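These are the residues of each chain, in order.
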Amino acid sequence: MISGRERTLSAIRDALGRGALGPDEKAKLERRLRYPRANVVPARGQCDSREGLVATFIAEAERVNATVERLCSGDDIAPAVADFLRAHNLPQRVRVAGDAVFKDVRWSDAGGLEAEAGPAAADDSASVTGAYAGIAETGTLMLLSGPDSPTLLNFLPPNHIIVLPEGSVVGTYEDAWHRLRAEVGTGIAMPRVITWITGPSRTADIEQTLLLGAHGPRRLHVLLVDGATSAA
Amino acid sequence: MQSTARAFTANARQALDDAKLQVALARFPEGFPVKRRLAVERLPEFEALRDDAKEIKDHVLAHLDYYLERFEAKVAERGGQVHWCSDAEEARTLLVKLCRDAGATTITKAKSMIGEEIGVNDCLEEAGFKPVETDLGEYIIQLRHEPPSHIIAPAVHLSKDQVAEAFRAAHKDLPDDRPLNEPQEMLDEARAVLRRAFLSSSVGITGANMLVAETGSIVLVTNEGNADLTQTIPPVQIVIASIEKIVPTLEDAATVLRVLARSATGQDLSVYTTFTTGPRRSGDLDGPQHFHVILLDNGRTRMLGGEFREMLRCIRCGACINHCPVYGAIGGHAYGWVYSGPMGAVLIPNLIGVDEAKDLPNASTLCGRCEEVCPMRIPLPRLLRKLRDQQFEAGQVPPLFRYGLRWWARLARWPALYRLATGAGVATLGRLGRRKGRFRKMPFAGGWTNARDLPAPQGRTFQQWWSAEKGVRQ
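Chemist: Would you explain the overall build of chain B in this entry?
Modeler: Counting secondary structure elements, chain B contains 23 helices and twelve strands. The C-alpha radius of gyration computed for chain B amounts to 25 Å, which stays within 12% of the reference 23 Å derived for 474 residues, consistent with globular compactness. On the principal axes, the C-alpha backbone points of chain B span a range of 85 × 60 × 45 Å. Pairs at least 24 residues apart make up 74% of the contacts formed inside chain B by residues separated by at least 6 positions.

Below you can see the structure in the form of C-alpha cells.
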C-alpha cells in the first residue's frame, strides 16, 4: 500500500511537472536553510544607540497596552513588584521563574511579599518571569521555555511581570534570531517554546469591542533594569 | 463541513433581509480597514515586505516536496511525529484514532480553518469526545452550532445580545439572574468556563499559521493566548496544517509575520506569536508528552498543478474579506462554506468543486480592492475571471446569458456597427426616460430593476460625447 506520505509527495512532484530534486538542487536549498538571510528589515527597529533602542522599545510596548517601569538596579526588582501588586490591589504573592536574573533578588525584604518558584497554579494571581530579549520594533518580549521557565507562567496568571535587563533589548526580529543562533542555537538546543509577547492578551470578538485579558494576562508590566547586561 | 454554496442567491437574499446581520456589517468599515491603513502608513517598508513575502511563498511552492520532507525530519529529530493525509476523511479517521489512543474526554481546540474544512468538531462529537473551541469567537459560534462568518473574526455577524443568549442557554450551572449586558461580563464568564475546560483537557488540537522547515517548529498566532493554553496544558498536542503552510527559515517567518497582523487586524504584531518545536523535554515543567503534526493535502496539490497555484500563497489574514463590498453587504455565511469574501470565492470552488459553488466567482464586482490589499499579492480578480472563463467553457452559464454575450461579442467586433447600435439604443432610452429620468422596469434588466431604478441615459453614448468634446487620450 502506498503511504499518505508517498501519495502527497508524488502528487506535489506531478503538479510541479518534475521528479524528486537532484543533489545539486537540494544542496542549494540546504544552503538557504543553513545560512538564513534576512529579507527586508524595517528601519524602525534599527538604531545605533542603546538609548534609542530602549526608547523605541518602551514607546512600542506602551502602544499595545503594556506598562514599562525603568529600574536603576536589580535591587529595585522586589520593591517594584510589591508596589505593582499594591497599586492593583492584588495579594502580595507571586509565582517566580527560576531565571538567573532573579538569583540575587531578596523577595522577602520587600515587606510581606511571598515569592514561590515553580510552574503556575490555577489560582496564581501574578507571575514574575525573565525574558530572553526585548524587540524594539514592536515592543515585543521574547521568552524561552526551559526547566526554569515553564511556559504556563506566561499565560495562566492574570498579571504578568517581566524583568528585562536593558542590555537584552535588540532592534528587530532578525537581531533576536541572530542572538539566539549565536548563543543558544536553532538545532537540537533550541528551546521547545519560543514565545513573542506583544502587550497583554486581548479580544475583539464581541461586537468588535476591544477587551484586555481574554485568556492570557490582563496586565503586562515590564521592569526594565538598567546596568544589567543580558541575562543569558 | 456541509456546503450550502449552491444556494448562494437565496443565502444572499436572506442576509440582506437580516436586520441584525446588517447592523453587525455596518460596523465593519470603521474597524479592520481603517486599522490596516494606519498600520501600513506607519511602516514605509510595507510594500517591499509584501514583495518578499510573495517571493518566499512562491519559492516554497516550487520546492514544496523538499521543504515538507525537511520539516518532517526536523519534527522527528525533536521527538514529534508527522502524519500525512490526502483528504478530509483520512484526517478525520486519524484524528479520532489519536484521540482514542490518548484516552481523551475533553478536547480543547484553538481556532483552525483546516479544522473547519474537515469538520473536526462534528467528527469528534460523533466519536464520543467533547471538543471545546477556545477562541472566544469560535466558542460562541460553537455554542450556536453555526460556522464562522469570517476567518479571523468568526462571530463578527453577532450582536452582544445574541452572545448573551447563547451563554445563558449553555452555562446552565450559573445563576439565571446574573448580569450579562456588557461584552466585559461575557468575556469574564467565557474566561472562567473555558479555564475549566483547559485544565481538564486531555488533547489539545491547534492549527498552524506557519511550519518552519529549518527547525521543525510550528508557528501559532493569537491575541487571546488560547492557542498557548491549548498546546501547553494537555498531555497530547495534535497540530493540523495544510501542506502549503511551510516557510523555510525563522527569518522568512518574521517577514510573513510583519505583513500578517497588519493586513488582518491592523496590529503591528498579534499579541502572542509562539514557535513550538516537539514535545516536552526532560526537565521541562509543562508541555505535552506527545506532539503530532497532521499534514493535509485536501485539494492543495491539485491547485499546485493548475491555474490557481497563486491562491496557495494565501496566509488567511482576511484583508480581502475586510475590503470586499460584496462581503460587506451579505457577510460570510451566504458563501455557504468555511471561507468567504474574495479568497472564499476562489478557494471554495477549488476545494469542493466548481459545480458546488457556481455563483461564487460571479459574486464579485471585480473592483480590485482585494488584490490591492492582499499581503501576498494574489491576483484575486484575475483568478475569479479564470473561474468564470472555466464556467463559460464548461457550458455552465445560462443560455440567455450565453447568447447575449455571444451577440455582444459579435457586435463589438464591428466598431462602426457597434457605435450605430449603441447610439440608437441610448438615444431611444434617453427619449423614453426623459420625463422621469429613470426606469422602474426594463425587459432583460430585472436583475437590476427588481431592487432599484435604472437611471435613464442622457441620450448620447460615451463615444459620441468623447468625439463631440474632442477628447484627447492622456
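Chemist: Would you mind showing me how to read the overall build of chain A here?
Modeler: Helix and strand counts for chain A come out as five helices and twelve strands. Each principal axis of the C-alpha distribution contributes one length, and for chain A these read about 70 × 45 × 40 Å. Here chain A holds 232 residues, and the buried ones make up 48% of them. In chain A, 74% of the contacts between residues at least 6 apart in sequence involve partners at least 24 apart.

Chemist: What is the right way to look at helix 5 (residues 173-183) of chain A in this model?
Modeler: Side chains that are three or four residues apart share a direction in an α-helix, a result of its 3.6 residues per turn. Of the residues making up helix 5 of chain A, those classed as buried are Tyr173(A), Glu174(A), Asp175(A), Ala176(A), Trp177(A) and Leu180(A). In this structure, the buried side of helix 5 of chain A is in contact with strand 5 (133-135), strand 6 (140-144) and strand 8 (169-170) of chain A together with helix 13 (250-264) of chain B. Two residues or fewer past helix 5 of chain A, Gly185(A) is found with a positive phi of approximately 95°.

Chemist: Help me understand the domain arrangement of chain B, please; the structure alone is not making it clear to me.
Modeler: Many analyses report the size of an interface as the accessible area lost when the parts associate. Segmenting chain B into domains produces domain 1 (31-298), domain 2 (301-393) and domain 3 (399-468). If you average the C-alpha positions of domain 2 of chain B and of domain 3 of chain B, the two centres end up 30 Å apart.

Chemist: Even after reading the chapter, I still don't get the sheet that holds strand 7 (residues 159-165) of chain A, so can you show me in this structure?
Modeler: Residues and elements named next belong to chain A. Taken together, six strands build an open sheet; the order of strands is 1-12-7-4-2-3 and the sheet is parallel. Looking at which strands have only one partner, the edges of the open sheet turn out to be strand 1 (67-71) and strand 3 (114-117). Recorded for the sheet is a direction-independent mean angle of 25° between the axes of neighbouring strands. The strands touched by helix 4 (residues 77-87) are strand 1, strand 2 (93-96), strand 4 (126-130), strand 7 and strand 12 (219-225); relative to strand 12, the strand with the most contacts, the crossing angle is about 155°.

Chemist: For this particular structure, what's the right way to read the nonpolar core?
Modeler: Side chains that are nonpolar tend, in soluble globular proteins, to be buried together. If you look at the biggest cluster of nonpolar residues, it comprises 187 residues, and the most contacted ones within it are Met142(A), Val256(B) and Ile348(B). It is helix 13 of chain B that contributes the most residues to this core, nine residues altogether.

Chemist: What's the story with the interface of chain A and chain B in this structure? I'm lost.
Modeler: In this complex, chain A contributes 60 residues to the contact, which on the side of chain B involves 74 residues. Mapped onto the side of chain A that touches chain B, the elements with two or more residues apiece are helix 1 (4-16), helix 2 (23-34), helix 5, strand 9 (193-197) and strand 10 (202-203) of chain A. Per-element accounting of the side of chain A that touches chain B gives the leading share, eleven residues, to helix 1 of chain A. Residues of the side of chain A that touches chain B, tallied by class, amount to 30 nonpolar, 18 polar and twelve charged.

Chemist: Which parts of the structure should I look at to understand the confidence of the model for chain B?
Modeler: Do not read the predicted coordinates in detail wherever pLDDT is low. Summary statistics for chain B give a mean pLDDT of 95 and a share of 100% for residues scoring 70 or more. Two summary scores accompany this predicted model of the complex, namely pTM at 0.93 and ipTM at 0.97.

Chemist: Got a minute to help me understand the packing of helix 17 (residues 341-352) of chain B against helix 19 (residues 380-393) of chain B in this structure?
Modeler: Describing two packed helices takes the angle between their axes plus the distance from one axis to the other. Residue and element names in this part refer to chain B. Relative to each other, helix 17 and helix 19 sit at 40°, their axes nearing to 10 Å. Comparing their axes, helix 19 and helix 17 come out oblique. In terms of crossing hand, the pair formed by helix 17 and helix 19 is left-handed. Contacts between helix 17 and helix 19 involve Pro342, Met343, Ala345, Val346 and Pro349 from the first element and Leu380, Leu383, Leu384 and Leu387 from the second.

Chemist: So what exactly am I meant to see when it comes to helix 4 (residues 46-62) of chain B here?
Modeler: Residues and elements named next belong to chain B. With 17 residues, helix 4 should reach 24 Å at 1.5 Å per residue; the first-to-last C-alpha distance of 25 Å fits that figure. Within helix 4, burial applies to Leu49, Arg50, Asp52, Ala53, Ile56, Lys57, Val60 and Leu61. Looking at the packing, one finds that the buried side of helix 4 touches helix 5 (64-77), strand 8 (246-247), helix 13 and helix 14 (300-304).

Chemist: What's the story with the pairing of strand 9 (residues 272-276) of chain B in this structure? I'm lost.
Modeler: Two faces make up the sheet, and in a regular strand the side chains alternate between them. Taking burial as the measure, the five residues of strand 9 of chain B include five buried ones, the bulk of the element. On strand 9 of chain B, burial covers both faces: Tyr272(B), Thr274(B) and Thr276(B) on one face and Thr273(B) and Phe275(B) on the other are all buried. In this sheet, strand 9 of chain B lies alongside strand 9 of chain A in antiparallel orientation, the contact comprising five bridges. Looking at strand 9 of chain B, one finds that Ile194(A) is bridged to Phe275(B). Note: strand 6 (residues 217-222) of chain B against strand 9 of chain B, five bridges, orientation antiparallel. Its bridge partner lying in strand 9 of chain B, Ile218(B) is registered against Thr276(B).

Chemist: What am I meant to see in the sheet that holds strand 3 (residues 130-133) of chain B here?
Modeler: Adjacent strands of a sheet form backbone hydrogen bonds with each other and so pair up, either parallel or antiparallel. Residues and elements named next belong to chain B. Taken together, the six strands give an open sheet; going across it, the order is 1-10-7-4-2-3, and neighbouring strands pair in parallel fashion. Since the sheet does not close on itself, it has two edges, and those belong to strand 1 (81-85) and strand 3, each with one partner. Across the sheet, the axes of successive neighbouring strands diverge by a mean angle of 20°, strand direction being ignored. Bridge analysis of strand 2 (residues 106-109) against strand 4 (residues 203-206) gives three bridges, and the strand direction is parallel. In the strand pairing of strand 4, Thr108 is matched with Gly204.

Chemist: Whenever I open this one, unusual backbone geometry confuses me. Can you help?
Modeler: Among all residues save glycine, negative phi is the norm, and among peptide bonds the norm is trans. Positive phi, close to 50°, is recorded for Glu207(A), a residue that is not glycine. Turning to its location among the elements, Glu207(A) is positioned in the loop between strand 10 and strand 11 (211-212). Positive phi values are uncommon outside glycine, yet Leu366(B) reaches one of about 55°.

Chemist: Help me understand the packing of helix 4 of chain B against helix 13 of chain B, please; the structure alone is not making it clear to me.
Modeler: Residues and elements named next belong to chain B. Interaxial distance between helix 4 and helix 13 falls to 9 Å at its minimum, and their mutual angle equals 125°. Accordingly, the angle class assigned to the pair helix 4 and helix 13 is oblique. Taken as a pair, helix 4 and helix 13 cross one another with a handedness that is left-handed. Across the interface between the two elements, Phe46, Leu49, Arg50, Asp52, Ala53 and Ile56 of helix 4 pack against Asp252, Thr255, Val256, Arg258, Val259 and Arg262 of helix 13. Residue composition of the contact of helix 4 with helix 13, by class: six nonpolar, one polar and five charged.

Chemist: Can you walk me through the environment of Gly423(B) in this structure?
Modeler: Residue and element names in this part refer to chain B. Its location among the elements puts Gly423 in helix 21 (residues 415-432). On the neighbour-count criterion, Gly423 (15 C-beta atoms within 10 Å) is partly exposed. In contact with Gly423, not counting residues within four places along its chain, are Thr461 and Gln464.

Chemist: Would you take a moment to explain the environment of Ala169(B) for this structure?
Modeler: Residue and element names in this part refer to chain B. Of note, Ala169 is situated in helix 10 (residues 160-170). Given 10 C-beta atoms within a 10 Å radius, Ala169 is considered exposed. In sequence terms Ala169 and Leu143 are 26 residues apart; their C-alpha atoms lie 8.6 Å from each other.

Conventions adopted
Residues numbered from 1 in each chain as written. Chains lettered and ligands numbered in written order. Predicted model: local features only at pLDDT ≥ 70, side-chain atom pairs only at ≥ 80, totals over all residues. Helix = DSSP H or I, 4+ residues; strand = E, 2+ residues; numbered from the N terminus. Rg over C-alpha atoms; globule rule 2.2 N^0.38 Å. Contact = placed C-beta atoms within 7 Å. Buried ≥ 20, exposed ≤ 12 C-beta atoms within 10 Å, placed from the backbone. Domains from an automatic or database assignment. Pairing = 2+ DSSP bridges. Axes fitted to C-alpha atoms, helices over the stretch in contact; angles between N-to-C directions. Core = buried A, V, L, I, M, F, W, Y, C linked by C-beta atoms within 7 Å. Nonpolar A, V, L, I, M, F, W, Y, C, P; charged D, E, K, R; others polar. pLDDT = per-residue confidence, 0-100. Parallel < 35°, antiparallel > 145°, perpendicular 65-115°, else oblique. Left-handed = near helix turned anticlockwise from the far one by under 90°. Expected span 1.5 Å × (residues − 1).

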